[in-house]
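Residues per chain, in single letters:
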Amino acid sequence: RNLVESGAIRIEDGRYVGDPDSIAANLPEGVREVVGRRLDRLSDEANALLSVGSAMPGGFSLDICASVAGFDVDRALDLLDEALAAAVLAERTDASGPYEFNHALIRQSLYGELSTPRRVRMHQRIGEAIEARYADRIEAHLTELAYHFFQAAPGGETERAGAYARRAGERAMDAAAGDEAGRHCDMALRVIDLDAQTP
């Protein structure tokens, strides 16, 4: 209710919709404190890994998260086990097997702690890690790439942001996913505007 009243989220077709940055910025201080206390019980390394995961809405995979955070896979597994034991994370049961935060407020609190330049850089590194990991099947990851490079665009990634948004939009149109195509087209237009404003 507080987030709706503050304008951080809105209700569309019976669903709550909002920008993660806006949600994180408008969390009540008491909620932040509770979430912060839970995260403080984890090691610094676990929190560093989870910060990377917080920049990937919808869940994250071990290999991408470990690569961006700078941990080898075995160490990252230990850190994720620590977060699982603390009930901060859950493992998905679908075929892709990514991890997800037990509650959106945990992810939003972690993401909200990142400065804007750090967020921009992190999204760039995540996008680059996805490009490297899935180079042979990039089409299946266009939505993720469009999102991360769009978030990285203020740091100069306008060319890749625009290209991936356009490709993701075309792919969505081919799949008759009009709403998704519209979101990607909007991203592409916003990147063009951002590029035009850059000296």
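Residues numbered from 1 in each chain as written. Predicted model: local features only at pLDDT ≥ 70, side-chain atom pairs only at ≥ 80, totals over all residues. Heavy atoms only, no water.

Peer 1: What's the story with the packing of helix α5 (residues 62-69) against helix α8 (residues 116-133) in this structure? I'm lost.
Peer 2: Relative placement of two packed helices is described by the angle separating their axes and the distance separating the axes. For the pair α5 and α8, interaxial distance at closest approach is 9 Å and the crossing angle is 130 degrees. Taken together, the axes of α5 and α8 are oblique relative to one another. Where α5 crosses over α8, the handedness of that crossing is right-handed. Contact residues: Asp 63, Ile 64, Ser 67 and Val 68 in α5; Met 122, Arg 125, Ile 126, Ala 129, Ile 130 and Arg 133 in α8. Of the residues that constitute the contact of α5 with α8, the class distribution is six nonpolar, one polar and three charged. (Axes fitted to C-alpha atoms, helices over the stretch in contact; angles between N-to-C directions. Helix = DSSP H or I, 4+ residues; strand = E, 2+ residues; numbered from the N terminus. Parallel < 35°, antiparallel > 145°, perpendicular 65-115°, else oblique. Left-handed = near helix turned anticlockwise from the far one by under 90°. Contact = heavy atoms within 4.5 Å. Nonpolar A, V, L, I, M, F, W, Y, C, P; charged D, E, K, R; others polar.)

Peer 1: Can you walk me through the environment of Asp 78 in this structure?
Peer 2: Here Asp 78 shows up in helix α6 (residues 73-85). Distance from Asp 78 to Arg 15, taken between C-alpha atoms, is 36 Å for residues 63 residues apart in sequence.

Peer 1: So what exactly am I meant to see when it comes to the packing of aromatic side chains here?
Peer 2: Note on aromatic pairs: each is described by the distance of the centres and the angle between the planes. Going through the model one piece at a time under the given rule, you end up with three aromatic pairs. Ring geometry for Phe 60 against Tyr 99: centres 6.0 Å apart, planes inclined by 25 degrees, an arrangement best described as stacked. Taken together, the residues Phe 60 in the loop between α4 (44-54) and α5 and Tyr 99 in strand β4 (residues 99-101) connect sequence positions 39 residues apart. Taken as a pair, Phe 60 and Tyr 99 share a single burial class, namely buried. Within the aromatic cluster, the residues linked to one another by ring pairs are Phe 60, Tyr 99 and Phe 101. (Phe/Tyr/Trp six-rings, centres within 6.5 Å; stacked < 30°, edge-to-face > 60°. Buried < 20%, exposed > 50% of the residue type's maximum accessible area, 1.4 Å probe, protein only.)

The quantities given are spatial measurements derived from coordinates; they are silent on function.
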